[in-house]
Amino acid sequence: MPDTRPEAVPTTPMPADAGSVPSRPRVVIIGAGFGGLQAAQALDGAPVDVTVIDRENHHLFQPLLYQVATASLSPADIAWPIRGILRRQRNATVLMADVHAIDTRARVVHAGDIAIPYDQLILATGATHSYFGHDDWADAAPGLKRIEDATTIRRRLLLAFERAEMAGDEALRQRLLTFVVVGAGPTGVEMAGAIVEIARKILAPDFRRIDPRAARVVLVEAGPGILASFPQDLADYARTSLTAMGVEVLTGARVTACDADGVSVDLAEGQTTPPDSALVDGRIEAGTVVWGAGVVASPAARWIGAPHDRAGRIQVSPDLSVPGHPEIFAIGDTASVTSTDGKPVPGIAPAAKQMGAHVAALIRDRAAGKTASRPFTYHHEGDLATIGRRSAVVKRGRMKLTGYIGWLFWGFAHVYFLIGLRYRIAVAFKWAWDYMTLQRGARLITGTDHDGPVGQTATREPLVPHAAPQPQRAEGS
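Basis of the calculations
Residues numbered from 1 in each chain as written. Predicted model: local features only at pLDDT ≥ 70, side-chain atom pairs only at ≥ 80, totals over all residues. Heavy atoms only, no water. Core = buried A, V, L, I, M, F, W, Y, C linked by side-chain atoms within 4.5 Å. Buried < 20%, exposed > 50% of the residue type's maximum accessible area, 1.4 Å probe, protein only. Helix = DSSP H or I, 4+ residues; strand = E, 2+ residues; numbered from the N terminus. Contact = heavy atoms within 4.5 Å. Pairing = 2+ DSSP bridges. Axes fitted to C-alpha atoms, helices over the stretch in contact; angles between N-to-C directions. Lys, Arg positive; Asp, Glu negative; His and termini not counted. Salt bridge = Lys/Arg side-chain N within 4 Å of Asp/Glu carboxyl O. Polar contact = N/O pair within 3.5 Å; in protein donor to acceptor, adjacent residues only side chain to side chain.

## A few points about the nonpolar core
Among the nonpolar cores identified, the biggest contains 118 residues, and I102, V109, L123, M191 and I314 are the most heavily contacted of them. Considering every element that reaches this core, the biggest residue donor is helix α6 (residues 186-202), with 9 residues. If sequence neighbours within four positions are ignored, M191 has contacts with Y66, A69, T70, L144, I153, L157, V181 and V290. Counting residues in each nonpolar core, the second largest holds 20 residues, with V218, V265, I284 and V289 among its members.

## Things to note about the sheet that holds strand β15 (residues 253-259)
Here 3 strands make up an open sheet; going across it, the order is β15-β16-β17 and the pairing antiparallel. The sheet is open, and its two borders are formed by β15 and β17 (283-285), each paired with just one other strand. Going from strand to strand, the sheet's axes swing by 25° on average, the running direction of each strand aside. Summarising the sheet, β15 and strand β16 (residues 262-267) pair through 6 bridges and their orientation is antiparallel. Each residue of the ladder has a partner; that of V255, found in β16, is V265.

## Some thoughts on the side chain of D149
Relative to the helices and strands, D149 is located in helix α4 (residues 147-166). Despite being buried, D149 has no salt bridge partner; R146 is the closest side chain of opposite charge, sitting 5.6 Å away. Of note is the side chain of D149, whose polar atom sits 3.0 Å from the backbone nitrogen of K145. When neighbours within four sequence positions are excluded, D149 is seen to be in contact with H129, G143 and L144.

## Re the sheet that holds strand β25 (residues 391-396)
What holds strands together in a sheet is hydrogen bonding between their backbones, with the strands either parallel or antiparallel. Spatially, the 3 strands line up as an open sheet ordered β24-β25-β26, and their pairing is antiparallel. The open sheet has two free edges, formed respectively by β24 (383-388) and β26 (399-402), since each of these has just one partner strand. For this sheet the average axis-to-axis angle between neighbouring strands, irrespective of direction, equals 5°. As paired elements, β25 and β26 share 4 bridges and run antiparallel to each other. Among the inter-strand pairings, R396 is bridged to a residue of β26, identified as M399. Against the sheet, helix α7 (residues 232-245) touches β24, β25 and β26, its axis set at about 170° to β25. This element, helix α10 (residues 403-417), spans β24, β25 and β26 of the sheet and lies at about 70° to β25.

## Side note on unusual backbone geometry
The phi torsion at R107 lies on the positive side, around 55°, for a residue other than glycine. With respect to the helices and strands, the residue R107 is situated in the loop between β7 (99-103) and β8 (108-111). For R107, a relative accessible area of 34% corresponds to the partly exposed category. Backbone geometry at L227 places phi at a positive 50°, although glycine is not the residue there. The buried category is assigned to L227, whose relative accessible area is 1%.

## Here's the deal with the environment of S336
Relative to the helices and strands, S336 is located in strand β23 (residues 335-336). Placed 16 residues apart in sequence, S336 and L320 show a C-alpha to C-alpha distance of 9.1 Å. Ignoring anything within four residues of it in the chain, the contact list for S336 reads D309, R313, I314, Q315 and V316.

Now the structure itself:
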């Protein structure tokens, strides 16, 4: 039986009727995140030919990306080759390419030097960091969306301790051991808690001239509270837990400037700080800043000239199709979606997967000759955020969990959604080993960036051990 999968064609002009007409509908999916991959897999066995395009060769489990950034997991634990995932799906082709334009009239996707024709198009291009008009802050405050982001943050975190060990000036040492996390959503809360743990429990026995337990972690949030999407009692619990761990939580604090030496913050009227706050005269001197305050959609809306919201997300019809283009769908972080109850659908992995499955079902119906459409209905599966090594907050339906029980539920839920039994076993074993031994095997400083060599912070004073207190295990840990 001849292979009827779509072939990439040159971008040079071609007659409209050139070549043979494919015998089956061509479905092109741009993006192999949660939504795009779900759509592709849901079309397995359908009478269509699927082409998946992504600029990376791997699918990334983003909810655990912060654990790569804090040296708990390696990138290979949470990323899988797209070709490997779809290798048994005979109607799927994978292309590693960077899309730069879409011709909606000719129904062609332009990626690099090739053009990929489509009959149905799914835009699942995701989102990136939003610096609210201050893109120049990106170098000083990397966000957390890609593996490269996580390894950059890991490098900076670990380098901060190494440089502090070499520093002779006390003010410089204090700055290097101050870490700022901007944004108190689930990513920011998880990141802040993980940095505290790596400083006070993992690295504490490893240094001689500094005491890593003296590190300061500051969580900065412009809104009035943390975890805004969670019920107030769970958000309050999370804040209390973070404070008990040693995180300084600053709410009502808007970042006004960000550079390599820290951040400037403007407090809302009525907001106060504790006497020993890291915020002094509107400034937090810090060696490492991590950004988790907002996202902006990919340029997909611009590619097709579609209406979009302030974050660049395409404003889709109830069935997730693009207005005026019933052959184009937008899902996940690419789309601005309102559920049937009138509430906006959150930009989380379960929502993207549900959208991918919905669109795949519509495409199957169309391939079968069914023209009727139906609106997308979102089923919220809950909110989860881990606070530390033995604490988390969970809201699922009427069920609310906190503390150790919440942490166990969070762990089982994340392991369950990993792709492949081997990865589930590997990550579960890694977590169990780290929990029992307080060791992290992914503490590698790799790559190169503008941070420069560690020796830049050295001084002419003799490198002799400081009389740092010996690390002690906290009660109950």
